[in-house]
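# Examination of the molecular architecture
Next come the chains, spelled out residue by residue.
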Amino acid sequence: MESSLKHTALLDLEAIRRDFPLLSRKVNNKPLVYLDNGATTQKPTAVIDALTHYYSYQNSNIHRGVHRISQDITVAYEKARETVQQHLHAAYPHEIIFTKGTTDSICLVAHSFGKKYITAGDEILVTEMEHHSNILPWQQFCEDNGAVLKVVPVTEEGTLDLKALETLLTKKTKLFALTHVSNTLGTINPVKEIITLAHSKGIPVLVDGAQAVPHLAVNVQELDADFYVFSGHKSFGPTGVGILYGKEKWLQQMPPYQVGGGTIKRVTFAKTEYADLPLRFEAGTPNIEGGIGLAVALDYMNNIGMDRIAEYENELLVYATKQLSVIPGLRIIGQAKNKASVFSFVIDGMHPNDIGTLLDQQGVAVRTGHHCTQPLMDRYGIPGTVRASFAFYNTKAEIDILETATRKAVKMLA
Ligand code: PMP
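These lines cover the structure that appears in this document, whether it is placed above or below. (Residues numbered from 1 in each chain as written. Predicted model: local features only at pLDDT ≥ 70, side-chain atom pairs only at ≥ 80, totals over all residues. Heavy atoms only, no water.)

### Considerations on the sheet that holds strand E13 (residues 330-332)
- Reading across from one edge, E13-E14-E17-E16 is the order of the four strands in this open sheet, with antiparallel pairing throughout. Bordering the open sheet on either side are E13 and strand E16 (367-369), each of which pairs with just one other strand. Adjacent strand axes in the sheet meet at a mean angle of 30° when their direction is disregarded.
- Pairing between strand E14 (residues 342-347) and strand E17 (residues 385-389): four bridges, direction antiparallel. For Ser344, the partnering residue across the bridge sits in E17 and is Arg387.
- Along the sheet face, helix H12 (residues 352-361) touches E14, E16 and E17 and points at about 160° away from the line of E16. (Pairing = 2+ DSSP bridges. Helix = DSSP H or I, 4+ residues; strand = E, 2+ residues; numbered from the N terminus. Axes fitted to C-alpha atoms, helices over the stretch in contact; angles between N-to-C directions. Contact = heavy atoms within 4.5 Å.)

### Regarding the site of the ligand
- In the region of the ligand, the neighbouring residues are Thr102, Thr103, His131, Ser133, Thr179, Asn183, Asp208, Ala210, Gln211, Ser231, His233 and Lys234.
- In this structure, Gln211 approaches the ligand through a side-chain N or O atom, which is 2.6 Å from an oxygen atom.
- In this structure, an oxygen atom belonging to the ligand sits 2.7 Å away from a side-chain N or O atom of His233.
- Coverage of the ligand by the protein amounts to 84% of the 400 Å² it exposes when considered alone. (Near = heavy atom within 4 Å. Polar contact = N/O pair within 3.5 Å; in protein donor to acceptor, adjacent residues only side chain to side chain. Areas by Shrake-Rupley, 256 points an atom, 1.4 Å probe, with all protein chains shown as cover.)

### Let's talk about the pattern of salt bridges
- In total, this model carries 13 salt bridges according to the counting rule given.
- Across the pair Arg68 and Asp72 runs a salt bridge whose closest N-O atoms are separated by 3.0 Å. On the criterion of helical spacing, the pair formed by Arg68 and Asp72 is a turn pair, its members being four residues apart in helix H3 (residues 68-88).
- Exposure remark for Arg68: the relative accessible area of 56% places this residue in the exposed category. (Salt bridge = Lys/Arg side-chain N within 4 Å of Asp/Glu carboxyl O. Buried < 20%, exposed > 50% of the residue type's maximum accessible area, 1.4 Å probe, protein only.)

### As for unusual backbone geometry
- Note the cis peptide between Leu277 and Pro278, where omega equals 0°.
- You can see Pro278 is positioned in the loop between strand E12 (272-274) and helix H10 (288-304).
- At Asp224, a residue that is not glycine, the phi angle is positive and equals roughly 65°.
- Positionally, Asp224 belongs in the loop between helix H8 (220-223) and strand E9 (227-231).

### Some words on helix H11 (residues 306-324)
- Taking 1.5 Å of rise per residue, 19 residues should cover 27 Å, and H11 covers 26 Å from first to last C-alpha, within 8% of that figure.
- Turning to H11, its buried residues number three or more, namely Met306, Ile309, Tyr312, Glu313, Leu316, Leu317, Tyr319, Ala320, Gln323 and Leu324. The buried residues of H11 occupy one face: seen down the axis, they fall within an arc of 165°. Summarising the geometry of H11, the exposed residues directed more than 90 degrees from the buried face are Asp307 and Lys322.
- In the core, the buried residues of H11 are packed alongside helix H1 (13-18), H3, H10, E13, E14 and helix H14 (396-413). (Expected span 1.5 Å × (residues − 1). Arc of directions from axis to C-beta.)

### A short note on the packing of aromatic side chains
- Enumeration over the complete set of coordinates arrives at 15 aromatic pairs.
- A centroid spacing of 5.0 Å and a plane angle of 80° characterise the contact between Tyr54 and Tyr55, whose relative ring orientation is edge-to-face.
- Accessibility expressed as a relative area gives 2% for Tyr54, which makes it buried.
- Between Tyr77 and Phe98, the aromatic rings sit 4.7 Å apart at their centres with planes inclined by 35°, giving tilted as the arrangement. Residue Tyr77 is located in helix H3, and its partner Phe98 is located in strand E4 (residues 96-99); the two are separated by 21 residues in the primary sequence. (Phe/Tyr/Trp six-rings, centres within 6.5 Å; stacked < 30°, edge-to-face > 60°.)

### Observations regarding the sheet that holds E4
- The seven strands lie next to each other as E4-E10-E9-E8-E7-E5-E6, forming an open sheet whose pairing is mixed. Of all strands in the sheet, those with a lone pairing partner are E4 and strand E6 (148-152), marking the two edges. The mean inter-strand angle of the sheet, taken between neighbouring strand axes irrespective of direction, is 20°.
- Where strand E5 (residues 123-127) meets E6, five bridges bridge the pair, whose relative direction is parallel. Across the sheet, Val126 pairs through a bridge with Val151, a residue of E6.
- Relative to E9, helix H4 (residues 102-117) is tilted by about 155°, and along the sheet it contacts E4, strand E7 (173-179), strand E8 (205-208), E9 and strand E10 (242-246).

### A closer look at empty space enclosed by the protein
- By the definition in use, this model includes one cavity of 30 Å³ or more.
- What lines the largest cavity is simply Asn61, Ile62, His63, Arg64, Gly261, Gly262, Leu279, Glu282, Gly284 and Pro286.
- In terms of residue class, the lining of the largest cavity is built from three nonpolar, five polar and two charged. (1 Å grid on protein atoms, 1.4 Å probe; cavity = no way out; pocket = protein on both sides within 12 Å on 5 of 7 lines; lining within 4 Å. Points joined across faces, edges and corners; volume = space filled by probe spheres on them. Nonpolar A, V, L, I, M, F, W, Y, C, P; charged D, E, K, R; others polar.)

### Notes on the pairing of E5
- Most of E5 is tucked away: five of the five residues are buried.
- A two-sided burial pattern is seen for E5, the buried positions comprising Glu123, Leu125 and Thr127 on one face and Ile124 and Val126 on the other.
- Note that the unit made of E5, helix H5 (residues 136-145) and E6 has a crossover that is right-handed.
- Sheet topology places E5 next to E7; three bridges connect them, and they run parallel. (Right-handed = clockwise from strand over helix to strand, strands pointing away.)

What follows is the structure, encoded as C-alpha cells:
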C-alpha cells in the first residue's frame with residue numbers, strides 16, 4: 001500500500017499514515033482500507049502517547065487537590081479547554097464545557113436550556129437530515145413538556161429546503177437545532193446564513209458539529225452559533241469525551257443539568273449554591289485523559305492545517321465520485337454541491353449490508369445501514385446506504401481498492 005500511495009501536493013501522506021498505527025493493520029488477510037471515519041476516526045500516536053503518559057505519570061483527580069500532581073493535571077486539563085476554545089474560536093474558555101460527546105452535549109442543552117426557556121405550545125425546529133442524537137432529546141423534551149417538534153424538509157439532492165425553513169422559523173420557535181454536516185449525505189449546510197436568518201427572528205441556534213470539526217475550520221463567533229457541539233472520537237481524539245460550546249449569555253442563565261461533586265460553591269441541606277462556568281455543567285470526575293487527548297488531536301489537525309485538510313478531502317470526494325458513480329446500478333445518496341468527504345450510495349436490487357459484508361472480506365471497512373438517520377432514510381424510501389467516509393489519511397489508492405472491491409461485490413450479488 002505504502003509504495004502505491006498517490007501523492008498530493010497538499011499533504012505528506014506517507015508521514016501522516018505512519019502516525020496512525022491502526023492503518024497498517026491487516027483485516028481478513030488484506031491491508032485495511034479504513035473508510036468508516038464518520039463512525040469514528042483512528043488516533044495518531046501523539047494522542048495514544050498522551051493517554052499512556054497520563055496513566056503512567058500524571059493520573060490524579062483535578063480541581064480539588066492541593067498536592068503537586070493534582071495541581072499539575074488541573075493545569076493541563078484547563079489548558080486543554082483553552083486549546084478547544086482556540087480551535088473553535090470561542091470568546092472565553094468558560095464557554096467550553098467538557099461532556100461525554102455530541103449526544104451528551106445535546107441532551108445537556110435540551111434539559112437545561114429547554115427547562116429554562118421552552119414551555120408548552122412553543123416549537124423546537126430540527127431538520128430531516130439530523131442524526132437521531134439531534135432528534136430524540138428534542139422529541140423527548142416535547143413529549144414531556146408539551147412543546148412541538150417541527151422539521152425542515154430535505155430536497156431530493158440532499159440540501160435543506162430553505163424556502164420551507166423561512167416559514168418554519170416562527171414566533172413560536174424557541175430553538176433551531178441543525179447539523180453542520182450530514183453524516184449520511186455529506187451535505188455542508190450553510191449554517192452562517194441560516195443562523196443569520198434565525199437570529200433576525202430572535203431564534204437561537206444549536207449546531208451539531210460532529211461531522212464538521214474533523215473536516216472543516218470552525219469559527220463559532222463568525223458563525224454566531226449559540227451552541228456548537230462535537231465528539232472527540234470523530235476528531236482523532238479519545239472516545240468518551242466531547243464538547244459543548246455555548247455563548248456565555250446562555251450558559252450563565254441555564255440551570256445545571258447533572259449535579260453533584262464539582263458543580264458547587266457551597267452545599268447545605270437547606271440550599272446549594274452552584275459553581276460558576278464551566279464547572280457548573282461538569283458534574284463528577286470528568287474524562288480527564290480524554291480532554292487532554294482531545295486537545296492533542298486538535299493540535300495534530302492544526303499542524304496539518306484545517307484548510308489543507310478540507311482541500312485534500314475534497315480531492316478524495318471528487319475522485320471517489322468520479323470512480324464509483326459509473327458502476328452500473330449505483331446511485332449516490334446526497335448530491336449537494338457543497339459536501340464534506342462522505343460518499344453514500346445504494347445499488348439497485350442489493351442490500352447495503354450485503355455489499356458492506358463483501359467489502360469487509362476484501363479489507364474495506366465502510367458503514368452500512370441507516371446511520372442513525374432513519375427519518376432521512378424514510379425520506380428517500382430506502383432501508384439504508386453504503387457509506388464510505390474519508391479522512392485526511394485516506395488515499396486515492398484506497399479509493400481504487402474501494403472501487404474494485406465494490407465491482408466485485410456487485411458481480412457476486414448479481
Ligand atoms: N451527530 C452526528 C451528525 C453524528 O454523525 C453523530 C455520530 N454518528 C452524532 C451526532 C452522535 O455522536 P456521539 O455518538 O459521539 O455522541
